[in-house]
Amino acid sequence: GNSVTQMEGPVTLSEEAFLTINCTYTATGYPSLFWYVQYPGEGLQLLLKATKADDKGSNKGFEATYRKETTSFHLEKGSVQVSDSAVYFCALRENSGGSNYKLTFGKGTLLTVNP
Amino acid sequence: GAVVSQHPSWVICKSGTSVKIECRSLDFQATTMFWYRQFPKQSLMLMATSNEGSKATYEQGVEKDKFLINHASLTLSTLTVTSAHPEDSSFYICSAKGPGVAVSYEQYFGPGTRLTVT
């Protein structure tokens with residue numbers, strides 16, 4: 001079956017530090033890959049996505065590249081801000097109609113950015 | 001656009017009672033909705049997938065008679081936790097997927113419902 005493994009947190013950084021959250025996956029076929037963010041007390045929001053190998057998703061200074069050879073989709077940001085404090089989820093989606101296109105999530109990584 | 005709401009945002013109920021949670025897509029028609037359960041500091045676990053007008057598909061280990069899902073219209077799905085027990089206390093999240101090209105559409109998530117069973 002499909003699975004997503006992401007680095008366990010919590011991750012604590014100072015403002016303007018570089019962020020990497022590792023994510024690797026196991027899947028059959030050719031999944032799409034996502035990063036979602038959950039701010040305290042809120043629902044999940046899509047942060048970025050990539051639908052095929054070598055695609056780079058980017059949004060709000062965050063980037064992740066779909067690496068098929070290493071089955072990875074690591075999240076990076078060059079300079080984090082206090083407002084980036086949240087839980088980050090890596091996810092994959094099967095792209096076959098029979099799967100209903102359901103998402104498989106990693107366990108989430110709590111990021112805390114201190115001023 | 002693509003807003004999904006849930007109601008209530010939190011609910012407390014007594015053991016043995018039933019509680020209904022609504023999930024609405026406010027500005028689009030959702031052919032498919034998903035229900036997740038999130039335990040503290042853990043990931044989202046998919047409970048079931050519902051397609052408008054048909055029976056829900058439950059994930060392995062999820063009791064369909066306990067977690068009743070109805071997707072009667074393109075904008076509304078409901079999850080009813082029947083005969084709730086304290087172990088059902090959790091954060092329930094729905095998401096909605098609209099029609100579109102397979103590789104481009106997204107799931108849009110509701111803000112979640114915190115259920116506490118006393």
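This text goes with the structure placed above it.
The rules behind these values
- Residues numbered from 1 in each chain as written.
- Chains lettered and ligands numbered in written order.
- Predicted model: local features only at pLDDT ≥ 70, side-chain atom pairs only at ≥ 80, totals over all residues.
- Heavy atoms only, no water.
- Helix = DSSP H or I, 4+ residues; strand = E, 2+ residues; numbered from the N terminus.
- Rg over C-alpha atoms; globule rule 2.2 N^0.38 Å.
- Buried < 20%, exposed > 50% of the residue type's maximum accessible area, 1.4 Å probe, protein only.
- Pairing = 2+ DSSP bridges.
- Axes fitted to C-alpha atoms, helices over the stretch in contact; angles between N-to-C directions.
- Contact = heavy atoms within 4.5 Å.
- Buried area = accessible area lost by both parts, 1.4 Å probe.
- Salt bridge = Lys/Arg side-chain N within 4 Å of Asp/Glu carboxyl O.
- Polar contact = N/O pair within 3.5 Å; in protein donor to acceptor, adjacent residues only side chain to side chain.

### Thoughts on the overall build of chain A
Alright, step 1. Helix and strand counts for chain A stand at zero helices and 12 strands.
Alright, step 2. Along chain A, from the amino end to the carboxyl end, the secondary structure elements read β-β-β-β-β-β-β-β-β-β-β-β.
Alright, step 3. For 115 residues, the compact-globule estimate of 2.2 N^0.38 gives 13 Å, and chain A sits close to it at 14 Å.
Alright, step 4. Dimensions of chain A, computed from C-alpha atoms along their principal axes, come out at roughly 45 × 30 × 20 Å.
Alright, step 5. Sorting the 115 residues of chain A into buried and exposed places 47% on the buried side.

### Describing the overall build of chain B
Alright, step 1. Scanning chain B from terminus to terminus reveals zero helices and 11 strands.
Alright, step 2. Walking chain B from its N terminus toward its C terminus, one meets helices and strands in the order β-β-β-β-β-β-β-β-β-β-β.
Alright, step 3. Whereas a compact globule of 118 residues would reach a radius of gyration of roughly 13 Å, chain B reaches 14 Å, a difference of no more than 12%.
Alright, step 4. Projecting the C-alpha coordinates of chain B onto the three principal axes gives extents of approximately 45 × 25 × 25 Å.

### Structural notes on the sheet that holds strand β8 (residues 62–65) of chain A
Residue and element names in this part refer to chain A.
Alright, step 1. Taken in spatial order, the four strands line up as β3-β9-β8-β7 in an open sheet, and their pairing is antiparallel. Two strands in the sheet have a free side with no partner beyond their single neighbour: β3 (19–21) and β7 (56–59). The mean angle between the axes of side-by-side strands here comes to 15 degrees, regardless of whether they run parallel or antiparallel.
Alright, step 2. Bridging between β3 and strand β9 (residues 75–77) involves three bridges; their strand directions are antiparallel. When the bridges of β9 are listed, I21 appears paired with L75.

### Points about the environment of L76 of chain B
Residues and elements named next belong to chain B.
Alright, step 1. Residue placement: L76 occurs in strand β8 (residues 76–81).
Alright, step 2. A C-alpha to C-alpha distance of 9.7 Å links L76 and S5, two positions 71 residues apart in sequence.
Alright, step 3. Aside from chain neighbours lying at most four places away, what touches L76 is E22, C23, R24, M33, N70 and H71.

### Considering the pairing of strand β2 (residues 11–14) of chain A
All names here are of chain A.
Alright, step 1. Burial of the side chains of β2 is restricted to one face: V11 and L13 are buried, whereas none of T12 and S14 on the reverse face is.
Alright, step 2. Note: β2 against strand β12 (residues 109–114), four bridges, orientation parallel. When the bridges of β12 are listed, L13 appears paired with V113.

### What to know about the interface of chain A and chain B
Alright, step 1. At the interface, 18 residues of chain A touch 23 residues of chain B.
Alright, step 2. Overall, the association of chain A and chain B removes approximately 1,700 Å² of surface from exposure, summing both partners, and the carbon and sulfur fraction of that is 51%.
Alright, step 3. Inspection of the chain A/chain B interface yields one salt bridge.
Alright, step 4. Measuring nitrogen to oxygen at the nearest pair gives 3.1 Å for the salt bridge that ties E59 of chain B to K102 of chain A.
Alright, step 5. Counting the contacts that link chain A with chain B gives three residue pairs in polar contact (both at pLDDT 80 or more).

### Structural notes on the pattern of salt bridges
Alright, step 1. Considering all chains together, one arrives at six salt bridges over all chains under this definition.
Alright, step 2. Two residues, D84 of chain A and K77 of chain A, come together in a salt bridge whose shortest N-O distance is 2.8 Å.
Alright, step 3. In this structure, R24 of chain B and E22 of chain B form a salt bridge, with 3.4 Å as the shortest nitrogen-oxygen distance.
Alright, step 4. E22 of chain B sits in the partly exposed class, given a relative accessible area of 23%.

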